[in-house]
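Residue-level structural notes
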Amino acid sequence: MLNVLPEIGAISAIVALYLIATWKPRLPQHAGSGEDTRTVWQLIADVEAERRQREHVGRHRFREPAEQSTSDTRHR
């Protein structure tokens, strides 16, 4: 049994080297783009437009909404 061990190790090493040399990761590939697909540049433009829109909003956006009274009586 000990006489066969070097041959088994050599065969295992050869198979491992072959698998390492021929193995290529199979990365997912994009399918065909449809009608409503957007390019990277369109997405960047959308993000920039949203950022500009948020910058032009005043400080009132930090205020909490005023609570509205449900009673008809006035407090003096």
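This section reports on the structure supplied with the text. What you are looking at is a predicted structure, and each value in this text was computed from that prediction instead of being measured.

This part takes up the overall build of the protein chain. Helices and strands together make up the secondary structure of the protein chain, namely two helices and zero strands. The buried share of the protein chain, reckoned over its 76 residues, is 0%.

All right, on to a nonpolar patch on the surface then. A grouping of Ile11, Val15, Tyr18 and Leu19 is seen on the molecular surface, where their side chains present a nonpolar patch of about 420 Å² in accessible area. Of note, Ile11 is situated in helix H1 (residues 5-22).

Pairing is possible between side chains of opposite charge, provided their charged atoms come close. Tallying each qualifying case throughout the model produces two salt bridges. For the salt bridge of Glu48 with Arg51, the shortest nitrogen-to-oxygen distance reads 2.6 Å. In this pair, Glu48 and Arg51 both sit in helix H2 (residues 40-55), three residues apart, roughly one turn of the helix. Its relative accessible area of 30% is what places Glu48 among the partly exposed residues.

Parameters at a glance
- Residues numbered from 1 in each chain as written.
- Predicted model: local features only at pLDDT ≥ 70, side-chain atom pairs only at ≥ 80, totals over all residues.
- Heavy atoms only, no water.
- Helix = DSSP H or I, 4+ residues; strand = E, 2+ residues; numbered from the N terminus.
- Buried < 20%, exposed > 50% of the residue type's maximum accessible area, 1.4 Å probe, protein only.
- Patch = residues over 30% accessible without salt bridge, like charges linked within 9 Å, V, L, I, M, F, W, Y side chains within 5 Å.
- Areas by Shrake-Rupley, 256 points an atom, 1.4 Å probe, with all protein chains shown as cover.
- Salt bridge = Lys/Arg side-chain N within 4 Å of Asp/Glu carboxyl O.

Note that every value here comes from positions in space, so none of it alone points to a role or purpose.
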